[in-house]
Number of protein chains: 2
Amino acid sequence: MSDLVTRLRRHNWRITPQRRVIAETLEGSHVHYTADEVLERACERMPEISRATVYNTLNEMVALGEVIELSLQGRSKRYDPNADHDHHHLICDGCGLMKDVHAVADPIEWLPGDERHGFTVTSAAVTYRGLCPDCRAAA
Amino acid sequence: MSDLVTRLRRHNWRITPQRRVIAETLEGSHVHYTADEVLERACERMPEISRATVYNTLNEMVALGEVIELSLQGRSKRYDPNADHDHHHLICDGCGLMKDVHAVADPIEWLPGDERHGFTVTSAAVTYRGLCPDCRAAA
DNA sequence: TCTCACTTTAGACCGCTTCTAAGGTTCGCC
DNA sequence: GGCGAACCTTAGAAGCGGTCTAAAGTGAGA
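Residues numbered from 1 in each chain as written. Chains lettered and ligands numbered in written order. Predicted model: local features only at pLDDT ≥ 70, side-chain atom pairs only at ≥ 80, totals over all residues. Heavy atoms only, no water.

## Some points on the relation of the copies chain A and chain B
In plain terms, the rule: Copy-to-copy alignment: least squares on C-alpha atoms, limited to residues at pLDDT 70 or above in both. Two residues form a contact once any of their heavy atoms are found within 4.5 Å.
For the pair chain A and chain B, the best superposition has an RMSD of 1.8 Å and corresponds to a rotation of 177 degrees with a translation of 0.0 Å parallel to the axis. Here the symmetry operator amounts to a two-fold rotation axis. Rotation axis and chain A: the residue whose C-alpha lies nearest the axis is A:V126, separated from it by 2.1 Å. Of all interface residues in chain A, 98% are interface residues in chain B too; the two copies therefore contact each other through one and the same surface.

Below is the structure:
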């Protein structure tokens, strides 16, 4: 059973066939899909699933805190089922592919007190950008 | 004369009245505007300027590397005329206020080779989040 | 079995951005 | 200055990601 489904069930969330397919699609890969990519892959297993259901379901998973929503420059949102918040993201400037990466230091420590403008800083996300092997070969 | 206009001129970029107004609007504030906010402010000085021109011009400035395009977790992109690429952003989770900050380390150095998944990594941006003094006081 | 709350669906709708086609402006060159 | 080519601006249409609506379907508990 999908681990994400287990986590969702704990919220007393009704696990319908549609929701199961969406959860398993999200979790089945180590890349982060857009909503439309999730829809496309879910359709392979359940052709009649609707766009609205995919959007609703993804938003509900985000609201439950079991999925993280990532919005990046000029592209569509992507969904990360990884509950471990201690990771960052690597994005291909060519095709938008997104992967998780683990850096070795905590970026909050890199920000000196006099650069904090009086803020209480609670989190730091690092976005690495570059070209994936496929896009580099195509260039 | 606007410093951004000077920098743009160096690219052999034709400085039309519209482009000048847009550049000066961008640079005249320390806030990062959305395209529509730029349009609105440009219209105060040049009422007949068109939406397409604002969008085109902002995109061209970004392509020239003189303006940075930012997408916060919200809807529309914002434009940062600060050509110094060596800075990051601090965002208030309460009110959305965004400020530039300077960190002491280069995040790319903290990403081990075996976490790069074959990518050619060219840049890293850090987004710090927290609460600004006003929002902390209000909470 | 009945009921009522929850879920799914198709398609309309919305906001931001880009594209298109037409007309205007500027520049180099003579 | 006059000319032509390249460039720029414009209004409006179109595209796209995402949300909303209204109606139909589903299912757990009384």
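## Thoughts on the sheet that holds strand β4 (residues 88–92) of chain A
The criterion, for reference: We call two strands paired when DSSP finds no fewer than two bridges between them. Only DSSP runs of H or I covering at least 4 residues are called helices, and only runs of E covering at least 2 are called strands; the numbering of each starts at the N terminus. Axis geometry follows a simple rule: fit a line to the C-alpha atoms, using only the stretch in contact for helices, then measure angles between N-to-C directions, giving values from 0 to 180 degrees.
As summarised here, the arrangement of the six strands in space is β5(A)-β4(A)-β6(A)-β6(B)-β4(B)-β5(B), forming an open sheet in which the pairing is mixed. With partners counted over all chains shown, the strands left at the sheet margins are β5 (98–101) of chain A together with β5 (98–101) of chain B, one partner each. The average undirected angle you get between the axes of adjacent strands in this sheet is 30 degrees. With eleven bridges joining them, strand β6 (residues 120–131) of chain A and strand β6 (residues 120–131) of chain B adopt antiparallel strand pairing. Of the residues in β6(B), the one forming a bridge with A:A125 is B:T127.

## A few points about unusual backbone geometry
Formally: Residue exposure (1.4 Å probe, protein chains only): buried if accessible area is under 20% of the type maximum, exposed if over 50%, otherwise partly exposed.
In this structure, A:H117 takes a positive phi of about 50 degrees despite not being glycine. Exposure remark for A:H117: the relative accessible area of 35% places this residue in the partly exposed category.

## Let's talk about the UniProt feature "binding site: Zn(2+)" (unreviewed entry) in chain A
Under the convention used in this document: UniProt positions are given in the numbering used here, feature names are shortened, and annotations may be inferred rather than shown by experiment.
Residues annotated by UniProt as "binding site: Zn(2+)" (unreviewed entry) correspond here to A:C92, A:C95, A:C132 and A:C135. The largest pairwise C-alpha distance within this set of annotated residues, which runs over 44 residues, is 8.3 Å, so the set is compact in three dimensions. We classify A:C95 as partly exposed; its relative accessible area is 41%. Turning to its location among the elements, A:C132 is positioned in the loop between β6 and α5 (133–138). Once you skip the residues sitting within four places of it in the chain, A:C132 turns out to touch A:C92, A:C95, A:L97 and B:F119.

## Quick look at the interface of chain A and chain B
Many authors give the size of an interface as the accessible area that is lost as the parts come together. Note the following rule: By definition, the buried area sums, over both parts, the 1.4 Å-probe accessible area that each loses when the two are put together. As used in this structure description, the phrase polar contact means that two N or O atoms lie within 3.5 Å; if the pair is within protein, one of them must be able to donate a hydrogen and the other to accept it, and residues adjacent in sequence are counted only when both atoms belong to side chains. Amino acids are sorted into nonpolar (Ala, Val, Leu, Ile, Met, Phe, Trp, Tyr, Cys and Pro), charged (Asp, Glu, Lys and Arg) and polar (every other residue, Gly among them).
Between chain A and chain B, the residue contacts involve 42 residues of the former and 43 residues of the latter. Carbon and sulfur atoms make up 58% of the surface buried where chain A meets chain B, a total of about 3400 Å² over both sides. Taken together, the connections running from chain A to chain B amount to 17 residue pairs in polar contact (both at pLDDT 80 or more). Among the secondary structure elements, those contributing two or more residues to the side of chain A that touches chain B are β4, β5, β6 and α5 of chain A. Take the side of chain A that touches chain B: its biggest share by element is twelve residues, from β6(A). Of the residues in the side of chain A that touches chain B, the class split is 23 nonpolar, eleven polar and eight charged.

## Remarks on the nonpolar core
So the rule is basically this: Only buried residues count toward a nonpolar core, which is a set of Ala, Val, Leu, Ile, Met, Phe, Trp, Tyr and Cys residues joined through side-chain atoms within 4.5 Å.
Membership of the largest hydrophobic core comes to 27 residues, with the highest contact counts inside it found for A:V121, A:Y128, B:V121 and B:Y128. When contributions to this core are tallied by element, the ones reaching two or more residues are β4 and β6 of chain A together with β4 (88–92) and β6 of chain B. One finds A:I15, A:A23, A:L26 and A:Y79 within the second-largest nonpolar core, a separate group that totals 22 residues.

## Description of the environment of B:G28
Looking at the element boundaries, B:G28 is found in the loop between α2 (17–27) and β1 (33–34). When the C-alpha positions of B:G28 and B:P81 are compared, they lie 9.6 Å apart, and in sequence the two are 53 residues distant.

## Observations concerning the packing of helix α3 (residues 35–45) of chain B against helix α4 (residues 51–63) of chain B
All names here are of chain B. How we decide: Roughly parallel means an angle under 35 degrees; roughly antiparallel means over 145; roughly perpendicular covers 65 to 115; every other angle is labelled oblique. Should the near helix be turned counterclockwise from the far one by less than a right angle, the crossing is left-handed, whereas a clockwise turn marks it as right-handed.
Look at α3 against α4: their axes get within 10 Å of each other, and the N-to-C directions meet at 120 degrees. By the angle class used here, α3 and α4 are oblique. In the crossing of α3 with α4, the sense of the turn from one axis to the other is right-handed. Across from A35, D36, V38 and L39 in α3, the residues of α4 making contact are R51, V54, Y55 and L58. Looking at the contact of α3 with α4, its residues break down into six nonpolar, no polar and two charged.

## Concerning the protein's contact with DNA strand C
The condition that has to hold: In this text, near means that some heavy atom of the residue lies within 4 Å of the molecule or strand in question.
Neighbouring DNA strand C are 18 residues; A:T16, A:R19, A:T53, B:Y55 and B:N59 lie closest to it. Looking at DNA strand C alone, sugar and phosphate atoms form 85% of those within 4 Å of the protein. A distance of 3.1 Å separates a phosphate oxygen of DNA strand C from a polar backbone atom of A:S50. Every element with two or more residues in the surface near DNA strand C is listed here: α2 (17–27) and α4 (51–63) of chain A together with α4 of chain B.

## Some words on the state of the cysteines
Residues and elements named next belong to chain A. Put simply, the test is: Here, two cysteine sulfur atoms that lie within 2.5 Å of each other are counted as a disulfide.
Following the criterion strictly, the structure yields zero disulfides over all chains and no others. With no disulfide partner, C132 has as its closest neighbouring cysteine sulfur the one in C92, 3.7 Å distant. Taking relative accessible area as the criterion, C132 reaches 4% and is therefore assigned buried.

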